Amino acid sequence: MIKSVTPANSLRGTITPPPDKSISQRAAIFSLLHDGVSVIRNYSPAQDPQSALACVEQLGADVTQLDDVVSIEGPGRYGIRPLSDELDCGNSGTAMRLLAGVLVGAGTGVKLIGDPSLSSRTMKRIIDPLEEMGAHILARNGAYAPLFVTREDPLVPMEYELPIASAQLKSCILLAGLFGEKPTKVIETLQSRDHTERLLNLDIEEKNGKKIISASLKDEIPNQSYTIPADFSAAAFWLVAGSIVEDSEIKMESVGLNPTRNALLEILKKMGADITIENERMEGAEPVGDIIVKSAELRSIHIEEELIPNCIDELPIIAVAMTFAYGTSTISGAGELRHKETDRIMAIAKMLKAVGANYEEMEDGLVIRGNPDFKFKSARFRSFHDHRIAMASAVLSLKGSDDSQIEDAECAAVSYKGFWDDLEVLLQ
Ligand code: S3P
């Protein structure tokens, strides 16, 4: 589908961004591991969380979905039984990597498959440590899905220092570790999102600036009965849109404010954005609040490696903010972006090229020479079938003087099913 986006003079209104994609998928997978019933409210209808839910059902959970309430009766760690020999993770890297950990832990032989984008993303980062834990994994060219995962040898709990700041890798190893008599310890130097640790209530020790997270059979898996917060990574598009489109005021309700996810708030505030947070509270193990953003003139910023895991999914939309910020901004130490749903450094560069922005593509980031008065007429954007590139291109389109087009725009539904409708609401 090619979507045409009209320029905006103003964006106004109140919206509730979609349920958090990362937390929804974890809620489903952890409910499978919990022996009993979990009732998850505000479960995401987006494609990735629905793929995760279907996989969990295929592994023996009893799933009922009524509107946005999902009830899951989990068989528990000892009751996992595949109903088919193939699990389809669709576009979801989180589902594939977390489920691989579960399958290795449970010793269940299943094939994990995904769509062409997921099948082109390296799984080597999980294959190597899982094999150290006793798994046998057959992968296309040794690194890509389909992955056939089995474990015949006993599970080997291990101490594992993360070589990449990745929450998916961290969670994969911890989930396998949950099946071991002895604890598996994951050592983390750069903090990535901590939903797994929070929702499973895992033990965390801090030593020499590093976190050591443990998981073993002794950990009880709590039931996952809570309301999923609105997705901060989806709110991010409106935080930037509301800042760069003049005469705007957008309120977003019940948005997740997990401190390991929301570096964008500090980044935008440092850039001069007008953002207020109200009604901060806890929802289950996760902090949430309402966010109000108003138009503001932005200035440049430098984002370095330490902050990248805390804003990894927001970098495409941050690049849009940088385009309209006064001065030269940089993103560095973000090589991981090349391993997302598409090579996002390349895709951001192509998006900026389409409007004639002043930028340079680096191996591990971008240099963007911004200007609050930057103008372009219209553009035709390629989304590369990547939801975040499609949505970032839509926000960029709002600043043209004529309608712009976005190719394969339906991919926004991978994380944000109502994105195009919410845009209409804010344009009125
Ligand atoms: C996710 C972790 C991040 C993020 C992805 C979701 C998760 O990936 O980019 O969208 O749910 O754990 P990495 O762990 O590969 O950095």
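Residues numbered from 1 in each chain as written. Predicted model: local features only at pLDDT ≥ 70, side-chain atom pairs only at ≥ 80, totals over all residues. Heavy atoms only, no water.

> Would you explain helix α1 (residues 21-33) in this entry?
Given 3.6 residues per helical turn, the α-helix brings residues three or four places apart onto the same face. Over its 13 residues, α1 runs 19 Å from end to end, which matches the ideal 18 Å to within 8%, given 1.5 Å per residue. In terms of residue burial, α1 counts as a mostly covered element, since 13 of its 13 residues are buried. For α1, the N-terminal cap is Asp-20; the gap from its side-chain oxygen to the backbone nitrogen of Ser-22 is 2.9 Å. (Helix = DSSP H or I, 4+ residues; strand = E, 2+ residues; numbered from the N terminus. Expected span 1.5 Å × (residues − 1). Buried < 20%, exposed > 50% of the residue type's maximum accessible area, 1.4 Å probe, protein only. Polar contact = N/O pair within 3.5 Å; in protein donor to acceptor, adjacent residues only side chain to side chain.)

> I keep staring at helix α13 (residues 419-427) and nothing clicks. Help me out?
For α13, the full list of buried residues reads Phe-419, Trp-420, Asp-422, Leu-423 and Leu-426. End-on, the buried residues of α13 take up no more than an arc of 160°, which puts them together on one face. (Arc of directions from axis to C-beta.)

> Looking at this structure, I do not really get unusual backbone geometry. What am I missing?
Glycine aside, negative phi is the norm for most residues, and most peptide bonds take the trans geometry. Ala-145 connects to Pro-146 through a cis peptide bond whose omega is 0°. Along the chain, Pro-146 turns up in strand β9 (residues 144-150). Positioned with a positive phi, Asn-42 is a non-glycine residue whose angle comes to about 60°. In this fold, Asn-42 is placed in the loop between β3 (35-40) and α2 (47-58). Residue classification places Asn-42 among the partly exposed positions, given a relative accessible area of 22%. Phi at Asp-247 is positive, roughly 55°, even though this residue is not glycine. By the element assignment, Asp-247 lies in the loop between α8 (232-244) and β14 (249-256). Taking the relative accessible area as the measure of exposure, Asp-247 reaches 47% and is therefore partly exposed.

> Honestly, the pairing of β9 in this entry has me stumped. Any pointers?
The side chains of a regular strand alternate, residue by residue, between the two faces of the sheet. Direction of pairing for strand β7 (residues 110-113) relative to β9: antiparallel, over a ladder of 3 bridges. Paired with Lys-111 across the strands is Phe-148, a residue of β9. Two elements, strand β8 (residues 136-140) and β9, share 5 bridges in a ladder whose sense is antiparallel. Bridging across to β9, Leu-138 finds its partner in Phe-148. What sits between β8 and β9 in their antiparallel hairpin is a turn of 3 residues, with Asn-141 showing a positive phi close to 50°. (Pairing = 2+ DSSP bridges.)

> I would appreciate a short explanation of the pairing of strand β16 (residues 286-294) in the present structure.
β16 sits mainly inside the fold: 8 of its 9 residues count as buried. Strand direction decides the pairing type here: β14 and β16, joined by 6 bridges, are antiparallel. Looking at β16, one finds that Gly-256 is bridged to Val-288. Sheet topology places strand β15 (residues 274-283) next to β16; 8 bridges connect them, and they run antiparallel. Across the sheet, the residue bridging to Ile-277 is Ile-291, located in β16. Hairpin connection from β15 to β16: 2 residues lie between these consecutive antiparallel strands, with Gly-284 at a positive phi of about 60°.

> Mind showing me how you'd approach the sheet that holds strand β12 (residues 203-207) here?
The pairing of strands in a sheet comes from backbone hydrogen bonds and takes either a parallel or an antiparallel form. Read across the sheet, 4 strands follow the order β10-β11-β13-β12 without closing on themselves; strand pairing throughout is mixed. The open sheet terminates on both sides in strands that have one partner only, identified here as β10 (159-161) and β12. The average angle at which neighbouring strand axes cross in this sheet is 20°, direction not considered. Pairing of strand β11 (residues 184-188) with strand β13 (residues 210-215), which is carried by 5 bridges, proceeds in the antiparallel orientation. Bridge pairing in β13 links Lys-185 to Ser-214. (Axes fitted to C-alpha atoms, helices over the stretch in contact; angles between N-to-C directions.)

> Can you walk me through a negative patch on the surface in this structure?
A surface patch of like charges, here negative, comprises Asp-35, Glu-57, Asp-62 and Glu-73. The topology assignment puts Glu-73 in strand β5 (residues 69-75). (Patch = residues over 30% accessible without salt bridge, like charges linked within 9 Å, V, L, I, M, F, W, Y side chains within 5 Å. Areas by Shrake-Rupley, 256 points an atom, 1.4 Å probe, with all protein chains shown as cover. Salt bridge = Lys/Arg side-chain N within 4 Å of Asp/Glu carboxyl O. Lys, Arg positive; Asp, Glu negative; His and termini not counted. Charge placed at Lys NZ, Arg CZ, Asp CG, Glu CD.)

> Would you mind going over the packing of aromatic side chains with me for this structure?
Overall, the coordinates contain 7 aromatic pairs when judged by the stated rule. Ring geometry for Trp-238 versus Tyr-416: centroids 6.4 Å apart, planes at 85°, classification edge-to-face. One end of the pair, Trp-238, is in helix α8; the other, Tyr-416, is in the loop between β23 (404-406) and α13, with 178 residues separating them in the sequence. A ring pair is formed by Phe-419 and Trp-420, whose centres lie 4.9 Å apart and whose planes are at 85°; its orientation type is edge-to-face. In terms of burial, Phe-419 and Trp-420 fall into one category: buried. Following the ring pairs from residue to residue traces out a cluster consisting of Phe-237, Trp-238, Tyr-416, Phe-419 and Trp-420. (Phe/Tyr/Trp six-rings, centres within 6.5 Å; stacked < 30°, edge-to-face > 60°.)

> Sorry, what's going on with the site of the ligand here?
The environment of the ligand is formed by Ser-22, Arg-26, Thr-94, Arg-97, Ser-166, Ala-167, Gln-168, Arg-193, Ile-312, Asp-313 and Lys-340. Between the ligand and Ser-22, the relevant distance is 2.7 Å, taken from an oxygen atom to a side-chain nitrogen or oxygen of the residue. Within the side chain of Lys-340, a nitrogen or oxygen atom sits 2.7 Å from an oxygen atom of the ligand. Considering the ligand on its own, with 380 Å² of exposed area, one finds that the protein chains cover 95% of that surface. (Near = heavy atom within 4 Å.)

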